[in-house]
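A structural walkthrough
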Amino acid sequence: MARLQGFSDMSDIKREDIHIIGRYSSWSEKGIETMLKDHVYNSKASWQKFLRLLFISLGVGFTAAGIIFFFAYNWAELHKFVKIGLIEGLIILITAVVLFSKHSLQIKNILLTGASILVGVLFAVFGQVYQTGANAYDFFLSWTLFITLWVLISNFAPLWLIFITLVNTTLILYAEQVAHSWSEVFLFTLLFGMNSLFLIGFLAAKKIFSQLNAPKWFLNLLGLASASFGTIGVVIGIFDDAEPSFLVLILLAFLLYALGILYGLRKKSGFYLSIIPFSIIICLSAYFIKLSDSAGMFFFIGLFVIASVTLVIKKLIDFQKKWTS
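The rules behind the values
Residues numbered from 1 in each chain as written. Predicted model: local features only at pLDDT ≥ 70, side-chain atom pairs only at ≥ 80, totals over all residues. Heavy atoms only, no water. Salt bridge = Lys/Arg side-chain N within 4 Å of Asp/Glu carboxyl O. Helix = DSSP H or I, 4+ residues; strand = E, 2+ residues; numbered from the N terminus. Buried < 20%, exposed > 50% of the residue type's maximum accessible area, 1.4 Å probe, protein only. Axes fitted to C-alpha atoms, helices over the stretch in contact; angles between N-to-C directions. Parallel < 35°, antiparallel > 145°, perpendicular 65-115°, else oblique. Left-handed = near helix turned anticlockwise from the far one by under 90°. Contact = heavy atoms within 4.5 Å. Nonpolar A, V, L, I, M, F, W, Y, C, P; charged D, E, K, R; others polar.

Regarding the pattern of salt bridges
Counting across every chain of the model gives 1 salt bridge. Lys314 is paired through a salt bridge with Asp318; the nearest N and O atoms lie 3.1 Å apart. One end of the pair is Lys314 and the other is Asp318, both in helix α12 (residues 295–324) and 4 residues apart, which spans about a single turn. Here Lys314 falls in the partly exposed class, since its relative accessible area comes to 49%.

Details of the packing of helix α8 (residues 184–208) against helix α10 (residues 245–267)
Orientation of α8 relative to α10, taken along the N-to-C sense of each, is 25 degrees, at an axis distance of 10 Å. Comparing the axis directions of α8 and α10 gives the class roughly parallel. Both α8 and α10 take part in a crossing whose hand is left-handed. Only Ser245, Phe246, Val248, Leu249, Leu252, Ala253, Leu256, Tyr257, Tyr263 and Arg266 of α10 make contact with α8, whose side of the interface consists of Val185, Phe186, Thr189, Phe192, Gly193, Ser196, Ile200, Leu203 and Lys207. Along the lines of polarity and charge, the residues of the contact of α8 with α10 split into 13 nonpolar, 4 polar and 2 charged.

Observations regarding the packing of α8 against helix α9 (residues 216–238)
Running from N to C, α8 and α9 point in directions that differ by 155 degrees, and their axes come no closer than 8 Å. Judged by the inter-axis angle, α8 sits roughly antiparallel to α9. Regarding α8 and α9, the two cross each other, and that crossing is left-handed. In this structure, α8 uses Glu184, Val185, Phe188, Leu191, Phe192, Asn195, Ser196, Phe198, Leu199, Phe202, Leu203 and Lys206 to contact α9, whose residues at the interface are Phe218, Leu219, Leu222, Gly223, Ala225, Ser226, Phe229, Gly230, Ile232, Gly233, Ile236 and Gly237. Across the contact of α8 with α9, the residue classes break down as 15 nonpolar, 7 polar and 2 charged.

Written out as structure tokens, the structure reads:
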């Protein structure tokens, strides 16, 4: 254990760290194997817990899908009160199980996620029964608002993912159906800024509140969504000369990308150090096409992409070697 004194928390140790220490020390193979089993490999109990949660999640998901298909197939034969009453009854039943049962917190959060999906089904059925004639964004906005309290209370990453997806969908549909004066660049600037704020907020809250449930896959999805919206917005703005919000998007992207690079270097995260350069490569390629769409320019862009991607990969490998040395 003396060889591992540099690690403040044994949960931070990685497989590569153990192998590097074992390679340059007299650590026995048995000691290395024991350390891997104790702090790296998942135990039988961990696999059982994972499979139990996986099957519960699949069960809830398939149940929600079955309810949707049930209504789709038997729509004409069901009375309107039966249609709405069945879904409301299921939502009340699931909520009661979450509130009053003695199941674990994770199981309750999974059930609450299923109930959140049923809320969307309820609004869809209500709109079909009474033909409200509302815009599609109204449906997603109502769905978002009515599950907000559950999202905040549960602090469950999959439920947060559903919530953020609904917020993005609401904003996109609002721009298409109501805010006709919004340009595409302005819309993607809003999406880029909003998802970046979500990501920054979760990163800051996770640092302040250790109990915040913000797993790495969730943060990476947020980062990927933010970079995607920013890249699409910049590419559209490059080909739209008369768009005033393009300058705002460029400045925002420059600021957030710089923060992302600094954060990646500080946290030794190859994810941010890869998606940001690739986004910049795409934007520069679009700019070159804007300058000229000749065959020579496309040949140059091909060489540029090959050289820049190779350079990014080489730098990532160099960083990885430096971080594990």
